[in-house]
There are 2 protein chains.
Amino acid sequence: MFGKDLLVRMLDRRDTLPTDEIALIDALPVRPVTFGPDEEIVREGSRPAESCLVASGFAVRNQAIREGKRQITAIHVPGDFVDLHSLLLKMMDHSVSALGSCDVVFIRHKDLLTAMDRSPHLTRMFWLSTAIDASIQRTWITCLGRRSAKQHLAHIICELYIRLEIVGLASDQSFAIPLTQAELGDVLGLSVVHVNRTLQELRATDLVSWKDRRIVILDFERLALLADFDATYLNLFHEPR
Amino acid sequence: MFGKDLLVRMLDRRDTLPTDEIALIDALPVRPVTFGPDEEIVREGSRPAESCLVASGFAVRNQAIREGKRQITAIHVPGDFVDLHSLLLKMMDHSVSALGSCDVVFIRHKDLLTAMDRSPHLTRMFWLSTAIDASIQRTWITCLGRRSAKQHLAHIICELYIRLEIVGLASDQSFAIPLTQAELGDVLGLSVVHVNRTLQELRATDLVSWKDRRIVILDFERLALLADFDATYLNLFHEPR
DNA sequence: CGTTGGTTTGAGCATCTTCAACACATGTGG
DNA sequence: CCACATGTGTTGAAGATGCTCAAACCAACG
């Protein structure tokens, strides 16, 4: 297991993975590590020789800026190949850290390259995983630039629900995520105070409940309508790539 | 030519392209098309069978939202493989349009796949090009979320200068770009009025001049300091990938 | 039982938006 | 050549959105 099953599930949702490619993934040697809340998984400025995959829990990408401020540029759920792009980019321009307790497995670039040499299609599936990340990032840009705080918050809740559902971690309009309001502020580009007030607005209109690190979507349709949420960017189509 | 020379230059800045890979790129059949200002190059919701490369001029990615608002999620300069990711993502969740007059060439996915089958390293170089785009997008997220309008504007000017310099379209702290203040607002997530006032602040402190579609950076060092600009995310390192 | 991390509230202020008008250059048709 | 429309840049004023600071609240935990 070690999260590789979830990776397969995530990719198989988009295109059938032939058994020989699943075998290649299964055969990849892993180095599992557990990180505690807020611990750094990959350091900014480092040059990793391996990429990491989330097995359980959540990881975030941080871009630190002056005066202790930071922006979270991605939230990664189990099955996500967090820093697969370090295979190509070499130098990390941001850090990756755990959100709550997080199990990850590290896979050497060398081994990834060997597996990809055997299968051009597997290469494309890995590339696809980074392309979906990029697609999500474009949507985040639009949320940050042109949507209100309330819409943005609603949008991210819809997105997380769908992404978690794919890997079996969300159902019945509900999922668990250890995200504090301060961290949510770093995702939305807002202050803690404003996150709190925006959250209250969503609660007041009976759209979501958010308690004890568990989010319940009370009315997905209305929430998606408010957020102007369209799941196209998550690429939930199963087709040859 | 047809912009492929610039693509090679852009990639060769990051890793030496062996002559056989350059030959593979040269041999790719192209379909050149010229687009007028604001014309749509790739339509949202379409399923392209080819990807496009900017040969001259500029292209932007648009994400349209309700009530005629839009967000520009990327600015592409000559040599950029704008929608290479459609090779994997299939369905376009955003559109690409010309900024001013723009020459692009379309390259069939089929031909790209054939070329990549011959060279895993070339595949990685194309993948790298999308990974750099993603890296830029992460930085835009941080600019939108955590930097002031003034810093953000300064940041994008620094970025454009460096990216254009790589392909030989900027020198002496100056470059041309046909960007109106309204379009700049769609990049920065600001209203036209505020763009205008922010631009005036930069002019008032003698950091940049912006007239007749030409930007002159009067003091790069001070501008970069203000913007908190660090070029790491542009991956200007030449190394084996 | 006090400490700690997270949430909530109020008040004043800064940033940015909207609306409305004007300035200025370019291009068009009469 | 003038009259007029169009696109872009600029300005002022009022109002909305979101920030900062400061304090209180609350549950979990040693």
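Fair warning: this is a prediction, and the values are worked out from it, not measured in the lab.

A.B. asks: Explain the packing of aromatic side chains to me, using residue names and the numbers behind them.
C.D. replies: Applying the stated criterion across every chain yields a total of 13 aromatic pairs over all chains. Ring centres 6.4 Å apart and planes at 70° place the aromatic pair Phe35 of chain A and Phe106 of chain A in the edge-to-face group. Of the two residues, Phe35 of chain A sits in strand E1 (residues 31–35) while Phe106 of chain A sits in strand E5 (residues 95–108), which places them 71 residues apart along the sequence. What makes Phe106 of chain A buried here is its relative accessible area of 7%. Ring geometry for Tyr161 of chain B against Phe220 of chain B: centres 6.0 Å apart, planes inclined by 55°, an arrangement best described as tilted. Of this pair, Tyr161 of chain B sits in helix H6 (residues 149–166) while Phe220 of chain B sits in helix H9 (residues 220–227); the two residues are 59 residues apart in sequence, bridging distant segments of the chain. The exposure class of Tyr161 of chain B is buried, given its relative accessible area of 5%.

A.B. asks: An account of the sheet that holds strand E7 (residues 174–176) of chain A is requested, with residue identities and associated values reported.
C.D. replies: Residues and elements named next belong to chain A. Read from one edge to the other, the open sheet built from 4 strands follows the order E6-E7-E9-E8, with strand pairing classed as antiparallel. Strands with a single pairing partner mark the edges of an open sheet, and in this sheet they are strand E6 (170–171) and strand E8 (208–211). In this structure, E7 lies alongside strand E9 (residues 214–217), joined through 3 bridges in antiparallel fashion. The residue of E9 that forms the bridge with Ala176 is Arg214. Sheet strands in contact with helix H6 (residues 149–166) are E6, E7, E8 and E9, and its direction is about 85° off that of E7.

A.B. asks: Could you give me a rundown of the domain arrangement of chain A, with the residues and numbers involved?
C.D. replies: Size of an interface, as often reported, equals the accessible area lost when the parts are brought together. Residues and elements named next belong to chain A. One can read the domain layout of chain A as domain 1 (4–120) and domain 2 (142–234). For domain 1 and domain 2, the distance between their C-alpha centroids amounts to 24 Å. Opposite the 17 residues of domain 1 that make contact, domain 2 presents 17 residues. Carbon and sulfur atoms make up 62% of the surface buried where domain 1 meets domain 2, a total of about 1,500 Å² over both sides. On the domain 1 side of the contact with domain 2, Phe58, Ile75 and Leu99 bury the most area, a combined 33% of that side's loss. There are 2 salt bridges connecting domain 1 and domain 2. Across the pair Arg70 and Asp186 runs a salt bridge, and its minimum N-O distance is 2.8 Å. For the pair domain 1 and domain 2, the interface holds 8 residue pairs in polar contact (both at pLDDT 80 or more). Those elements giving two or more residues to the side of domain 1 that touches domain 2 turn out to be helix H1 (4–12), strand E4 (70–76) and E5. No other element matches the 5 residues that E4 contributes to the side of domain 1 that touches domain 2. For the side of domain 1 that touches domain 2, a count of residues per class yields 8 nonpolar, 3 polar and 6 charged.

A.B. asks: Describe in detail the UniProt feature "domain: HTH crp-type" (unreviewed entry) in chain A, supporting the description with residues and values.
C.D. replies: This chain's UniProt record puts "domain: HTH crp-type" (unreviewed entry) on residues 147–221 of chain A. Secondary structure content for residues 147–221 of chain A is 55% helix and 17% strand, and the end C-alpha separation is 18 Å.

A.B. asks: Would you mind going over the packing of helix H7 (residues 181–188) of chain A against helix H8 (residues 192–204) of chain A in detail, with residue names and values included?
C.D. replies: Residue and element names in this part refer to chain A. Two elements in contact, H7 and H8, have axes separated by 8 Å at closest approach and are oriented at 95°. Taken together, the axis directions place H7 and H8 in an arrangement best described as roughly perpendicular. Across from Gln181, Ala182, Leu184 and Gly185 in H7, the residues of H8 making contact are Val192, Val195, Asn196 and Leu199. The residue inventory of the contact of H7 with H8, partitioned by class, reads 5 nonpolar, 3 polar and no charged.

A.B. asks: Outline H7 of chain A, listing residues and values.
C.D. replies: Residues and elements named next belong to chain A. Within H7, 6 of the 8 residues are buried, which leaves it mostly tucked inside the rest of the structure. All of the buried residues along H7 are Glu183, Leu184, Gly185, Asp186, Val187 and Leu188. The first or second residue beyond H7 is Gly189, which carries a positive phi of 70°.

A.B. asks: So, the relation of the copies chain B and chain A: which residues are in play, and what are the values?
C.D. replies: In screw terms, the move from chain B to chain A is a rotation of 180° and a rise of 0.0 Å along the axis, fitting with an RMSD of 0.0 Å. Overall, the copies show the geometry of a two-fold rotation axis. When the interface residues of chain B are mapped onto chain A, 100% of them again lie at the interface, so the same face is used by both copies.

A.B. asks: Describe the protein's contact with DNA strand C, listing the residues and the values that go with them.
C.D. replies: Close to DNA strand C lie 13 residues; Gln181, Asn196, Arg197 and Gln200 of chain A together with Ser191 of chain B are nearest. Taking the atoms of DNA strand C that fall within 4 Å of the protein, sugar and phosphate contribute 63% of them. Between Asn196 of chain A and DNA strand C, the recorded distance is 2.6 Å, taken from a side-chain N or O atom to a phosphate oxygen. Within the side chain of Arg203 of chain A, an N or O atom sits 3.2 Å from a phosphate oxygen of DNA strand C. Listing elements by their share of the surface near DNA strand C, those giving two or more residues are H8 of chain A together with helix H8 (192–204) of chain B. Element by element, the count of residues in the surface near DNA strand C is highest for H8 of chain A, at 5 residues. Taken together, the residues of the surface near DNA strand C sort by class into 4 nonpolar, 7 polar and 2 charged.

What counts and how
Residues numbered from 1 in each chain as written. Chains lettered and ligands numbered in written order. Predicted model: local features only at pLDDT ≥ 70, side-chain atom pairs only at ≥ 80, totals over all residues. Heavy atoms only, no water. Phe/Tyr/Trp six-rings, centres within 6.5 Å; stacked < 30°, edge-to-face > 60°. Helix = DSSP H or I, 4+ residues; strand = E, 2+ residues; numbered from the N terminus. Buried < 20%, exposed > 50% of the residue type's maximum accessible area, 1.4 Å probe, protein only. Pairing = 2+ DSSP bridges. Contact = heavy atoms within 4.5 Å. Axes fitted to C-alpha atoms, helices over the stretch in contact; angles between N-to-C directions. Domains from an automatic or database assignment. Buried area = accessible area lost by both parts, 1.4 Å probe. Salt bridge = Lys/Arg side-chain N within 4 Å of Asp/Glu carboxyl O. Polar contact = N/O pair within 3.5 Å; in protein donor to acceptor, adjacent residues only side chain to side chain. Nonpolar A, V, L, I, M, F, W, Y, C, P; charged D, E, K, R; others polar. UniProt positions renumbered as here; feature names shortened; annotations may be inferred. Parallel < 35°, antiparallel > 145°, perpendicular 65-115°, else oblique. Least-squares fit on C-alpha atoms with pLDDT ≥ 70 in both. Near = heavy atom within 4 Å.

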